[in-house]
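The lines below spell out each chain.
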Amino acid sequence: MQRILHADRLTKTYSGVQSLHDVSITLESGRIYGLIGQNGAGKTTLMRLITGLAFPTSGSLELFGHTGENALQIERKRIGAMIENPGLVPHMTAAENLRLHRIMRGIPGSDVEGELLGLVGLAETGKKKAKDFSLGMKQRLGIAIALLGSPELLILDEPINGLDPLGVVEVRNLLKRLCEEQQMTILISSHNLPELYQTATDYIIIHKGEIMQTLTLAQLEERCKHHLLIRCPQPEKLASVLEMKLNTKNFKVMPDQAVKLYDYLDDKERVARVLVESGIIVTHLSSEGDSLEDYFISTIGGGQHV
Amino acid sequence: MYNLMWADMFQLRKSVMMKVLLGITTVSAVIMAVMAYLIPQEKIADSMAGLGFMFSDVNMTSILGAVVASVIICSDFDHKVIHHAVATGHSRGAVIASKAAVFSCALAVILLPYAVITGIALGTGSEFNMGAVSLGFLHLLTSKAGAAMSAPEVWKLLAVMLTLIMVYVAQLSLCVPLALVLRRPVLVVAIYYGFSILTGQLAGLRESYPLFDRISAWTPYGGNYSFLTLDTGAGEILEAIAVSLLFVAAMLAVSYGSFRKADIK
């Protein structure tokens, strides 16, 4: 898989306040990265550094295998971006806004304007000016502008803000399709974690300017998987009882000695009875399972941040 | 840069504000010429000269020129057009060069009514006078009073007009770094208008302080660059062009220095 972007210890300081601290991430082609963080966590700052709207205080950035300011500027021609909110000229129609950016990017032929407007569901806006658009329509147009020229890296900051439920599904399907069909790499930030869970293939959790964790969807599902959480003073004995008496190897002994059992989710009583009969002192037995939201909250330090 | 310029031109063509500004300068140019015609005819009082000056090119451009800079540069920050340009691989130098080029074209367009009206008025062979206060196209209009023009004079008139437009563009090129740094239309317009008043006042010091006169002559605000007429020699016209180009280059360098590493918010 081709490495599209690599950030190495990126740090950004604004007036003495560190917005990003030693951020290192790698993005590979054909994946959708969900950037998750609270307001002020540094999501937009990271996107601004990638797109050259701001310069890092320290650290380096590599785009499509190239580093150095001049090379990065050239490689940014392969990027499409919508950061913070869609930049639209209010007195222009959707088609005119698209044409402005098409001309700016040197893309020949006006056919692409109609295609993109159709793709984001704005084909029928006609002479309506962008200033009269709803927030959702502006978001759609912003996405269309970002998609001009079929970028290899698409950066979208809160793209589903203001979209109606149908619009959210449409954007989700569109992003997935672009990723699958064109091997487009997408970096997307959103506060809508359930939606991000359905869209992204990888997750980057950022908190207070630092990357807390990067994980794939498979890893996330593994960590969020529903299980019975069992705590006892003798985890080794517990493991052997689970294998011998409950005939399962579908469990994990965690570093904190807790055991996650992925079988018998609907038969907690039987598990409890077998463990007690085997002389295991169970100090905790509960059904657990995280959503992305729960997982994010636990990763950034629990309920104190909520 | 070529693409950026075309995009800016496209945007300008769609701009209602530019059409309004062009309308204002057209009406002002007509009023200026009519008043300069009526004063020597004694159909309106000499005391109206001050009001007539208000509609002259030098006064209108000191306000509207900065507005044009705001439309072309500050608005693009608001609408994130500059953000898109940078994020999609255009160099900041190219952004500045494109903005400066389109800004110059836009200034030429809003000054065009003054050039056309002045040309037509001079072609009538009538006498025009706005009292002592005259600069730029108004000065050109009032300095060639009551005489028909020969064919070579028409070509000279065109050269003088183009040079005057270039001087104005150079003077207003100060707005490019202002707009790139301040990014607030109201600040750009206010600061440039204040600066133009200041340079007007400082011009009065030129006779008393020869050194100041020599220094200001290196800028488009000094010398006799706003007093070009059909009697101005080719050397003076070339000097005005050279000073203007140098000043524009200096302003572009200042713009690049201030914008090269600036965060775009």
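Residues numbered from 1 in each chain as written. Chains lettered and ligands numbered in written order. Predicted model: local features only at pLDDT ≥ 70, side-chain atom pairs only at ≥ 80, totals over all residues. Heavy atoms only, no water.

Draft legend 1. View of the domain arrangement of chain A. Domain assignment breaks chain A into domain 1 (3–216) and domain 2 (226–288). Computed over C-alpha atoms only, the centres of domain 1 of chain A and domain 2 of chain A are separated by 45 Å. (Domains from an automatic or database assignment.)

Draft legend 2. A look at helix H9 (residues 235–244) of chain A. Residues and elements named next belong to chain A. For H9, the set of buried residues is Pro-235, Leu-238, Ala-239, Val-241 and Leu-242. Taken down its axis, H9 places every buried residue within 165° of arc, on the same side. When the buried face of H9 is taken as reference, the exposed residues oriented beyond 90 degrees from it are Glu-236 and Met-244. Contacts made by the buried residues of H9 are with strand S10 (227–231), strand S11 (251–253), strand S12 (259–261) and helix H10 (268–277). (Buried < 20%, exposed > 50% of the residue type's maximum accessible area, 1.4 Å probe, protein only. Helix = DSSP H or I, 4+ residues; strand = E, 2+ residues; numbered from the N terminus. Arc of directions from axis to C-beta. Contact = heavy atoms within 4.5 Å.)

Draft legend 3. Region of interest: a positive patch on the surface. The grouping of Lys-127, Lys-129 and Lys-131 of chain A together with Arg-13 and Lys-19 of chain B at the surface amounts to a positive patch. According to the relative accessible area criterion, Lys-129 of chain A is partly exposed, its value standing at 32%. (Patch = residues over 30% accessible without salt bridge, like charges linked within 9 Å, V, L, I, M, F, W, Y side chains within 5 Å. Areas by Shrake-Rupley, 256 points an atom, 1.4 Å probe, with all protein chains shown as cover. Salt bridge = Lys/Arg side-chain N within 4 Å of Asp/Glu carboxyl O. Lys, Arg positive; Asp, Glu negative; His and termini not counted. Charge placed at Lys NZ, Arg CZ, Asp CG, Glu CD.)

Draft legend 4. Layout of the packing of helix H4 (residues 57–78) of chain B against helix H9 (residues 175–182) of chain B. All names here are of chain B. Between H4 and H9, the shortest axis-to-axis distance is 9 Å and the interhelical angle comes to 35°. The element H4 and its partner H9 pack so that their crossing is right-handed. Across the interface between the two elements, Ala-66, Ala-69, Ile-73, Cys-74 and Phe-77 from H4 touch Cys-175, Val-176, Ala-179 and Leu-180 from H9. A per-class count over the contact of H4 with H9 returns nine nonpolar, no polar and no charged. (Axes fitted to C-alpha atoms, helices over the stretch in contact; angles between N-to-C directions. Left-handed = near helix turned anticlockwise from the far one by under 90°. Nonpolar A, V, L, I, M, F, W, Y, C, P; charged D, E, K, R; others polar.)

Draft legend 5. Region of interest: the sheet that holds strand S3 (residues 32–36) of chain A. Residue and element names in this part refer to chain A. On the basis of which strands lie adjacent, the open sheet formed by six strands has the order S5-S6-S7-S3-S8-S9 and mixed pairing. Every other strand in the sheet has two partners, leaving strand S5 (79–82) and strand S9 (210–216) as the edge strands with one partner each. In this sheet, neighbouring strand axes are inclined to one another by 15° on average, regardless of whether the strands run parallel or antiparallel. Relative to S9, strand S8 (residues 202–207) runs antiparallel, the two being bridged by six bridges. Pairing of Tyr-203 across the sheet is with Leu-215, part of S9. In this fold helix H8 (residues 217–224) packs onto S8 and S9, with an angle of close to 95° to the strand it touches most, S9. The strands that helix H11 (residues 292–299) touches are S3, S8 and S9; relative to S8, the one it contacts most, it runs at about 40°. (Pairing = 2+ DSSP bridges.)

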